[in-house]
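Chain and residue survey
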Amino acid sequence: VEEVSVRLEELLKLVETECAPEANALCSQFESIRSSFFQLEFDRIKEKLRVLVLQLDRLVDFMAKRKILLLRFKEFQKFVKDAEDTLLRTMHDASIGAEIDMHRITNEMNAVFDRLDNLGKELTACQLDANMMITDMSVVDVLNRIKNISLDVGYTVREEPMEPSECFQEFFDVSNQLEGAFCTDINTCEHMDDVVEFITVSMENGKKEAELMVRLNTIAGNLAAHEKAKANDILSKLKRIMDKRQEVRRVTVEDCIERSLVILTQKEEQLEAIIE
């Protein structure tokens, strides 16, 4: 994590001090020599330059989001370590016969679990935004590990939750599939040479996400009351992400079509001028 953080910081500084100024200077210089090109060739090169600058902006955005993700991950790690240390100290005190307030400890640890759950959700959202997954730590595993630390013989901080039903497990699996689909960058195929292919791939990705969301809603409708509340919370978060992606996808496709029409019109005018 530290190495990645340092490297991201270096890259962001490089963009700020070198890449961005060079891109701006290149755009200015290119405009100044416009008269030396045929209009069609000028527009073609200008479009490629615009795409390169756009890619640079997106890379900067991703690096910034990944930097935020790593900061959130460090915060999560520190909170987990502090929680485990507190529990282990209490367990040690109990083992040597020291008097402890179990009611207070239980309330404190319940608050810890709630905070861990919120941090885990924030971490998941950051991973989706950054299009980068942290695989060496699972929020669920951390929660289970802390829950299994006994404070006294026959006593655990919080009872283990009931096993989820098959229906809820299916809901969980499908929600993971949808989150995996969200990790596909909407703009990945924007630079395909074939506009039709780009639009087709983009629409297929959107259709896949929509189908998974429909499945989730159907499964959620069949859940028991205590599981439905959790499912609705997950659905609400996924829907917000999906709505945002649909809007970005729509704008990206429309922009691609518009730029393609401009280029085709310019080519047509160029051909007409040659014929005349």
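Placed above this text is the structure.
A brief structural summary. For clarity, every value in this text was computed on a predicted model and none was experimentally measured.

Topic: the nonpolar core
Core analysis: the biggest nonpolar cluster contains 19 residues, and Leu69, Phe76, Val80, Met109, Leu116 and Ile146 have the highest contact counts within it. If you list the elements that add at least two residues to this core, you get helix H2 (39-95), helix H3 (102-130) and helix H4 (139-147). Of the residues forming this core, the biggest block, nine residues, is contributed by H3. Contacts of Leu69, omitting those with residues within four sequence positions, involve Leu123, Cys126, Gln127, Ala130, Met132 and Ile134. Residues Ala181, Phe182, Met213 and Ala231 belong to the second largest nonpolar core, which totals 17 residues.

Quick word on helix H5 (residues 166-182)
Side chains that are three or four residues apart share a direction in an α-helix, a result of its 3.6 residues per turn. An ideal rise of 1.5 Å per residue puts 24 Å on 17 residues; H5 measures up with 24 Å between its terminal C-alpha atoms. Looking at H5, one finds that the buried residues are Phe168, Phe171, Val174, Ser175, Leu178, Ala181 and Phe182. End-on view of H5: buried residues confined to an arc of 125 degrees, all on one side of the axis.

Description of the side chain of Arg245
Secondary-structure assignment places Arg245 in helix H7 (residues 225-275). With a relative accessible area of 10%, Arg245 lands in the buried category. Looking at Arg245, its side chain comes within polar contact range of the side chain of Glu209, at 2.8 Å.

A few points about H3
If you check H3, its first and last C-alpha atoms are 41 Å apart, about what 29 residues at 1.5 Å a residue would give, namely 42 Å. Remark: Asn131 follows H3 within two positions and exhibits a positive phi of approximately 55 degrees.

Focus on the side chain of Glu209
In this fold, Glu209 is placed in helix H6 (residues 195-220). The buried category is assigned to Glu209, whose relative accessible area is 1%. Residues within four places of Glu209 in sequence aside, it is in contact with Leu178, Ala181, Phe182, Met242, Arg245 and Arg249.

So, the pattern of salt bridges
Per the stated rule, a full pass over the model turns up nine salt bridges. In this structure, the salt-bridge partner of Lys81 is Asp85, at a minimum N-O distance of 3.0 Å. Placement of both Lys81 and Asp85 in helix H2 is noted, with a separation of four residues, approximately one turn of the helix. Lys239 is the salt-bridge partner of Asp243, the closest N and O atoms lying 3.0 Å from each other. Pair noted here: Asp243 and Lys239 are both in helix H7, with a separation of four residues, about one helical turn. Relative accessible area serves as the criterion here: at 46%, Lys239 is assigned to the partly exposed category.

Parameters and conventions
- Residues numbered from 1 in each chain as written.
- Predicted model: local features only at pLDDT ≥ 70, side-chain atom pairs only at ≥ 80, totals over all residues.
- Heavy atoms only, no water.
- Core = buried A, V, L, I, M, F, W, Y, C linked by side-chain atoms within 4.5 Å.
- Buried < 20%, exposed > 50% of the residue type's maximum accessible area, 1.4 Å probe, protein only.
- Helix = DSSP H or I, 4+ residues; strand = E, 2+ residues; numbered from the N terminus.
- Contact = heavy atoms within 4.5 Å.
- Expected span 1.5 Å × (residues − 1).
- Arc of directions from axis to C-beta.
- Polar contact = N/O pair within 3.5 Å; in protein donor to acceptor, adjacent residues only side chain to side chain.
- Salt bridge = Lys/Arg side-chain N within 4 Å of Asp/Glu carboxyl O.

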